[in-house]
Amino acid sequence: MTSVWYIGPALERLVSASVWANAIGSGSYVDSSWDVTNGWSLPQAGFSTAQLNLLANDSEFLLGQADGSRVLTTVSPQTKDTALSYYQAVKTLAAQASNSASSRLVNIGDNGLGTNLLANAVSTSGTSRHYWIVGVGVTGIALAWRHWYTDLTNPKSDKDPGGSIVFSASVEVISSTNPGTSAGTIYRLTFGGKTQATLDPGARITCDLLGLSLLPGDVIAVRTFLVSGTAYAPRKTWGAGDGGFTATTDLTAPGSAAVTAVFNGLSFNASELLGYPDSPNTAKSVLALGDSIGIGLGDSGATTTFQTKNGGFIARALSGKAGLINFAVGGDCATYFQATNGSFHRLGGLPRCNSAIIQYGTNDIVLPLAASVVQACNLNLATNIRRMGITKVFLTTLVPRTTSTDGWLTTTNQTPLSTESVRVAYNAWVRAGCPIDPITLVAVAVGTASALVAGQSGHPISGIFDVAATVESSLNSGFWLPAQRVTTGSITSSASVLTSAGANFQSANQELGGDLGTIVNIRGAGASGVDLIVAIAAFTNSTAVTVGAVAGTTVTNGALGIGLATIDGVHPSSRGHNLMAQAINLAVL
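It should be emphasised that the depicted structure is a prediction, and the values quoted were computed from it without experimental measurement. (Residues numbered from 1 in each chain as written. Predicted model: local features only at pLDDT ≥ 70, side-chain atom pairs only at ≥ 80, totals over all residues. Heavy atoms only, no water.)

Caption draft 1: Molecular detail of the pairing of strand 34 (residues 532-541). Bridge count for strand 33 (residues 519-522) against strand 34 is 4 bridges, and the pairing is antiparallel. For Asn 521, the partnering residue across the bridge sits in strand 34 and is Ile 533. Between strand 34 and strand 35 (residues 544-547), which follow one another and run antiparallel, lie 2 residues. (Pairing = 2+ DSSP bridges. Helix = DSSP H or I, 4+ residues; strand = E, 2+ residues; numbered from the N terminus.)

Caption draft 2: Focus on the sheet that holds strand 5 (residues 61-65). Strands sit in the order 4-1-5 across an open sheet of 3 strands; the sheet is antiparallel. Of all the strands in the sheet, the pair left with one neighbour each is strand 4 (41-43) and strand 5. Along the sheet, successive strands turn relative to each other by an average axial angle of 25°, direction set aside. Pairing geometry for strand 1 (residues 3-6) and strand 5, over 3 bridges, is antiparallel. Within strand 5, the residue paired with Ser 3 across the bridge is Gln 65. The strands that helix 2 (residues 49-56) touches are strand 1 and strand 5; relative to strand 5, the one it contacts most, it runs at about 125°. (Axes fitted to C-alpha atoms, helices over the stretch in contact; angles between N-to-C directions. Contact = heavy atoms within 4.5 Å.)

Caption draft 3: Broad picture of the environment of Thr 248. Inspection of the secondary structure assignment puts Thr 248 in the loop between strand 21 (244-247) and strand 22 (263-266). Assessed through its relative accessible area of 62%, Thr 248 is described here as exposed. With near-sequence residues (within four places) excluded, Thr 248 lies in contact with Ser 125, Gly 126 and Phe 225. (Buried < 20%, exposed > 50% of the residue type's maximum accessible area, 1.4 Å probe, protein only.)

Caption draft 4: Looking closely at helix 10 (residues 574-581). Extensive coverage of helix 10 is indicated by the burial of 7 of its 8 residues. Burial in helix 10 covers these residues: Ser 574, Arg 575, Gly 576, His 577, Asn 578, Met 580 and Ala 581. The elements touched by buried residues of helix 10 are helix 4 (312-318), helix 9 (468-471) and strand 33. The distance from a side-chain oxygen at the start of helix 10 to the backbone nitrogen of Arg 575 is 3.3 Å, and the residue carrying that oxygen is Ser 573. (Polar contact = N/O pair within 3.5 Å; in protein donor to acceptor, adjacent residues only side chain to side chain.)

Caption draft 5: Layout of the pairing of strand 18 (residues 219-228). Along strand 18, 8 of the 10 residues are buried, which leaves the element largely enclosed by surrounding structure. Relative to strand 18, strand 9 (residues 126-134) runs antiparallel, the two being bridged by 8 bridges. Among the inter-strand pairings, Ile 133 is bridged to a residue of strand 18, identified as Val 219. In this sheet, strand 18 lies alongside strand 13 (residues 165-175) in antiparallel orientation, the contact comprising 9 bridges. By the bridge assignment, Val 171 is partnered in strand 18 with Val 222.

Caption draft 6: Region of the structure containing the environment of Ile 464. Mapping Ile 464 onto the fold places it in strand 30 (residues 463-465). Spatially, the C-alpha atom of Ile 464 lies 9.4 Å from that of Ile 358, the residues being 106 residues apart in sequence. Apart from the residues lying within four places of it in its own chain, the contact partners of Ile 464 are Phe 394, Leu 395, Val 430, Arg 431 and Cys 434.

Caption draft 7: Focus on the sheet that holds strand 30. Here we have 5 strands laid out as an open sheet, ordered 25-24-26-27-30, and parallel in their pairing. Whereas interior strands pair on both sides, the edge strands pair on one side only; in this sheet they are strand 25 (323-326) and strand 30. Along the sheet, successive strands turn relative to each other by an average axial angle of 25°, direction set aside. In this sheet, strand 25 lies alongside strand 24 (residues 285-289) in parallel orientation, the contact comprising 4 bridges. Looking at strand 25, one finds that Ser 285 is bridged to Gly 323.

Caption draft 8: Up close: the packing of helix 7 (residues 371-387) against helix 8 (residues 420-431). Contact pair helix 7 / helix 8: the axes reach a minimum separation of 9 Å and the direction vectors enclose 40°. With respect to helix 8, the element helix 7 is oriented oblique. Relative to helix 8, the crossing made by helix 7 is right-handed. Contacts between helix 7 and helix 8 involve Ala 371, Val 374, Gln 375, Asn 378 and Leu 379 on the former and, on the latter, Val 422, Ala 425, Tyr 426 and Trp 429. (Parallel < 35°, antiparallel > 145°, perpendicular 65-115°, else oblique. Left-handed = near helix turned anticlockwise from the far one by under 90°.)

These figures come from the coordinates and say nothing about function on their own.
Structure, rendered in structure tokens:
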């Protein structure tokens, strides 16, 4: 193999993916950076012929050099008309790319919603209200609605509904730190100058631009009045903390009354919050792809004001700090997603994001599929995402899957699934940087000489987030972390007050070291004597709390686990999701 050396005077030379694309034309490109970390040397096999032709005409690069760090340590810049012309062209293109970024609408918020689902059909006319937490400072916003759904029947697939829908919408400012944006104001939205929009099957529509200025952490609510037709909701509303639903009445006009809080109600609402970033070159907008773990199953909203923060580890890491579209689907697999009809609508959201997190793999492994198949699927998915304009793609490691004879109170009584060795092999490959052959771009064994790893030019993966390490009892143990405390507790059937002389309950939210929102297992207190695994919803004192569900069986001084890491051996608990969120490095997105 040979390498391309950078021999210019700079400490770092970067040719971004957008510069490559503008200079060469159509194709899939990644950032190419020569610096001290790679010895100012990149494998030549990682570049296309067109890229090599450009580099060959630049006096600051040498092609066909030996592998490894460049031999030269200092170089005097050479002058060559072709090289100077190319260098000036690259500078111009970079400036153009920077300037054009300021006029690009990107996803700027997170409302905890996923993909629209077939099971969530909504035909009741009424006004829904959903909160959005802004993660990117913007001047000028727009919202988008979609009229398609994902069928949860295996293999999961995107589909078009049978008829059109008609709706109107508005934006309500809940809170803002921007001095010029007033809380409590409702702004009517228009669509091509009209107050009602019609969405045909499979369509997506964006409203006219609204001149609001918002800052990270601001909260808005989107009101959507379904006039007619059957729409498909991303998920259910969960009461006052989630906005609510008022049947029949259109409450989208400025000055309208409050929307009624409704528990467990389906309602159609916007799918994307878009805006023009105040700092386009640093704005972070993320697409999440994965399964039920990716959408936050097992998380608890007991410690959050807005339901949007109850979206699992990805939302916990990014909410209020970045834009987020979460297209994870419960039970989905990387293999399903890449099937012919698996994701043609979900992939349509890519152009509005600049980074992606792929959490797929755990369901593929239990099908069962080999680690090599999961590697190939996620590499192919990352490659396709890059081709569609995403500049950075990250993989996560896969959390354990176990059974337990004591309700996950300890590690001793957990048993990993028979596919555990496949999970360990896949995670080892991810932790090693997803090594691939630089020519075939196929996954290779950990430790393979001259392999490309994540972040290097030519590799579709930019980096990895080791979420599994945060919730495993030890690296590759295959066991979930044990409960934080194990003691005894009592609860009465049909009641929700849990008492425990030895619990020493703490009033603070679990994110701050307390117990509010944490998951407990009251052994035998569920219906017919099964375990009652539930969140602590309210604090009374050090020996008494209220949990989020009533007991089905009276238990007196039964085994009690406080602070479980998983709710069922597959999905993380709120504690687990909170730990996993700490593995997401916002700075690299």
